Amino acid sequence: MTHKVLVLAGDGIGPEIVAEARKVLEALRRGFGLAVELEEGLVGGAAIDATGTPLPEATLRLAREADAVLLGAVGGPKWDDLPSERRPEKGLLGLRGGLGLFANLRPAVLYPELAAASTLRAEVVAGLDMLIVRELTGGIYFGEPRGIRTRPDGVREGVNTMVYSEPEIERIARVAFEAARRRGRRVCSVDKANVLEVSALWREVVTRVAADYPDVELAHMYVDNAAMQLVRAPRQFDVMVTGNLFGDILSDCAAMLTGSIGMLPSASLDAAGKGMYEPIHGSAPDIAGRGVANPLATILSVAMMLRHSLGEGELAGRVEAAVREVLAAGLRTPDIDGGEGTRRVGTKEMGDAVAAALLAQA
Ligand SMILES: NC(=O)C1=CN([C@@H]2O[C@H](COP(=O)(O)OP(=O)(O)OC[C@H]3O[C@@H](n4cnc5c(N)ncnc54)[C@H](O)[C@@H]3O)[C@@H](O)[C@H]2O)C=CC1
Ligand SMILES: CC(C)CC(=O)C(=O)O
Ligand SMILES: [Mg+2]
């Protein structure tokens, strides 16, 4: 069966890193007979420029028809002054919401070769292997009411609403507990239940769901403490489950434990396992067009796509092994600069090296 993948390169470094991910898919096709058909679509600023909207109907339709979506990143200064409904980021949110991709898996794994690239001491991050399960289609990014309004006294105010229903909390909690069963059997639920009612309900529901998983240990942590604990002693975490906003922030923080935000992939899944795959970082306008962006987060997102949506777990393992191999060989984009024994490469050279390592396995 031929797998249909929709590729949405997006903006900034998006097209650069996605080009390298495509090389990896091509290597899998040539070396291992992966039957994959790629279709291209527009999202974000690129879609605004071409069609006037960040998420054209055609893109959503192609995404629904595909077996999986591979996305680069969206956004950039060119579109920053647009009203929020027409910004590139709305295209991404529209895809996540429109496809029902409520479960965002963000694994933060330290490759031993990158211990020196982390800003934390090697002994603090050595062996780090945690999974952030972020709720992706609810919470404050989607809640109503929202907007900027003018009060009767003429003062303007900005409003967003953090809202979670019991079913929304329950289904993401189940994803976290199921994932924990396949790993270290520990879940830490992160909230702000000491202040927010939405978090009090979150905590209550997660605790109730935990009763169905007696073999998994549950802990709760306030989000401010979680941010601190992530940099103090990150290996205490196995699976962390949290809402949309907290997960967005904490996963950027966790990324840096692994050496660079350019290393963290993600899978965004619906109830049936259909998914969209993207690096956790953004469009990095500060380095776009310079050929220096790290493509590994996107390449590792391809591995997640193979495993979670395409039923190609063995090939996923091969991609991850190829990434480990190029890191062991000392190749480093500037964000993971490793000093002695390493060689600085650009985006293309890194992608070529991973593709070559894959073909060498064939
Ligand atoms: N999923 C998405 O498409 C996301 C889009 N954005 C958008 O991206 C734009 C830039 O946002 P920022 O806050 O600057 O976040 P960002 O993640 O794009 O960049 C933050 C910093 O990390 C660096 N960086 C990111 N990815 C890298 C990579 N692969 N290799 C090397 N360095 C990398 C950047 O150069 C920058 O210094 C904004 O328009 C924002 O809305 C932000 C986050 C996620
Ligand atoms: C740009 C936002 C819509 C998303 C974001 O920062 C993320 O998903 O990590
Ligand atoms: Mg983010």
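Residues numbered from 1 in each chain as written. Chains lettered and ligands numbered in written order. Predicted model: local features only at pLDDT ≥ 70, side-chain atom pairs only at ≥ 80, totals over all residues.

Caption draft 1: The arrangement of the UniProt feature "binding site: Mg(2+)" (unreviewed entry) in the protein in detail. On the UniProt side, "binding site: Mg(2+)" (unreviewed entry) is annotated at positions that read Asp224, Asp248 and Asp252 here. Spatial clustering of the annotated residues is evident: they stretch over 29 residues in sequence, but the largest pairwise C-alpha distance comes to 14.5 Å. Classification of aspartate 224 as partly exposed rests on a count of 13 C-beta atoms within 10 Å. Examined against the element boundaries, aspartate 248 turns out to sit in helix H9 (residues 244-257). Of the residues examined, aspartate 248 has 19 C-beta atoms within 10 Å and is grouped as partly exposed. (UniProt positions renumbered as here; feature names shortened; annotations may be inferred. Buried ≥ 20, exposed ≤ 12 C-beta atoms within 10 Å, placed from the backbone. Helix = DSSP H or I, 4+ residues; strand = E, 2+ residues; numbered from the N terminus.)

Caption draft 2: Local environment of unusual backbone geometry. Here the bond from glutamate 144 into proline 145 is cis, since omega is 0°, no more than 30 degrees from zero. Structurally, proline 145 is set in the loop between strand S5 (129-135) and strand S6 (147-150). The backbone of arginine 185 shows a phi angle near 60°, a positive value even though the residue is not glycine. Assignment of secondary structure puts arginine 185 in the loop between helix H6 (166-181) and strand S8 (186-191). Phi is positive for alanine 284, close to 40°, though the residue is something other than glycine. Note that alanine 284 resides in the loop between strand S12 (275-277) and helix H10 (296-308). C-beta crowding within 10 Å serves as the criterion here: with 24 such atoms nearby, alanine 284 is assigned to the buried category.

Caption draft 3: Examining the packing of helix H11 (residues 313-328) against helix H12 (residues 347-361) more closely. In the contact formed by H11 and H12, the axes pass within 9 Å of each other and the chain directions differ by 120°. Comparing their axes, H12 and H11 come out oblique. As H11 runs across H12, the sense of the crossing is right-handed. Counting all contacts with H11, which are made through Arg318, Val319, Ala322, Val323, Glu325 and Val326, the residues of H12 involved are Met350, Ala353, Val354, Ala357, Leu358 and Gln361. Here the residues of the contact of H11 with H12 sort into nine nonpolar, one polar and two charged. (Axes fitted to C-alpha atoms, helices over the stretch in contact; angles between N-to-C directions. Parallel < 35°, antiparallel > 145°, perpendicular 65-115°, else oblique. Left-handed = near helix turned anticlockwise from the far one by under 90°. Contact = placed C-beta atoms within 7 Å. Nonpolar A, V, L, I, M, F, W, Y, C, P; charged D, E, K, R; others polar.)

Caption draft 4: Looking closely at the sheet that holds strand S1 (residues 3-10). Pairing is mixed in the open sheet, where ten strands are placed in the order S2-S1-S3-S12-S11-S4-S5-S10-S8-S9. Unpaired on one side and paired on the other, strand S2 (36-40) and strand S9 (217-222) mark the two borders of the sheet. Between one strand and the next, the sheet's axes are offset by a mean angle of 25°, whatever the strand orientation. With three bridges connecting them, strand S4 (residues 103-109) and strand S11 (residues 267-269) associate as antiparallel partners. Counted as the bridge partner of alanine 103 is leucine 269 from S11. Sheet strands in contact with helix H8 (residues 223-232) are S8 and S9, and its direction is about 105° off that of S9. Its contacts with the sheet place H10 against strand S3 (68-73), S11 and S12, and it is angled at close to 160° to S12. (Pairing = 2+ DSSP bridges.)

Caption draft 5: Expanded view of the UniProt feature "domain: Isopropylmalate dehydrogenase-like" (unreviewed entry) in the protein. Residues given the UniProt feature "domain: Isopropylmalate dehydrogenase-like" (unreviewed entry) here are residues 4-354. Along residues 4-354, the helical share is 40% and the strand share 19%, with 22 Å between the first and last C-alpha atoms.

Caption draft 6: Quick look at the site of ligand 2. Around ligand 2 lies a shell formed by Glu89, Leu92, Leu93, Asp248 and Ile280. Of the residues contributing to the shell around ligand 2, the split by class is three nonpolar, no polar and two charged. (Near = placed C-beta within 6 Å.)

Caption draft 7: Up close: the packing of H6 against helix H7 (residues 197-210). Axis separation between H6 and H7 bottoms out at 9 Å; the angle between their running directions is 50°. As the angle between them shows, H6 and H7 are arranged oblique. Two packed elements cross with a definite hand, and for H6 against H7 that hand is right-handed. Judged by residue contacts, Glu166, Ile169, Glu170, Ala173, Arg174 and Phe177 of H6 engage Leu201, Trp202, Val205, Val206, Val209 and Ala210 from H7. Here the contact of H6 with H7 is built from residues that sort into nine nonpolar, no polar and three charged.

Caption draft 8: Inspection of the site of ligand 1 at higher detail. Neighbouring ligand 1 are 22 residues; Gly75, Gly262, His281, Gly282 and Asn294 lie closest to it. Grouping the amino acids of the shell around ligand 1 by side-chain chemistry returns eleven nonpolar, seven polar and four charged.

Caption draft 9: The arrangement of the pairing of S1 in detail. Counting buried positions along S1 yields six of eight residues, so the element is predominantly enclosed. Once the chain exits S1 it traverses helix H1 (residues 14-32) before rejoining the sheet at S2, and the crossover so formed is right-handed. In the sheet, S1 pairs with S3 via five bridges, with the strands oriented parallel. Looking at S3, one finds that valine 5 is bridged to alanine 68. (Right-handed = clockwise from strand over helix to strand, strands pointing away.)

Caption draft 10: Expanded view of the confidence of the model for the protein. Model confidence for the protein is summarised by a mean pLDDT of 97, while 100% of its residues fall at 70 or above. Here the complex is predicted with pTM 0.98, and the ipTM for its interfaces comes to 0.99. (pLDDT = per-residue confidence, 0-100.)

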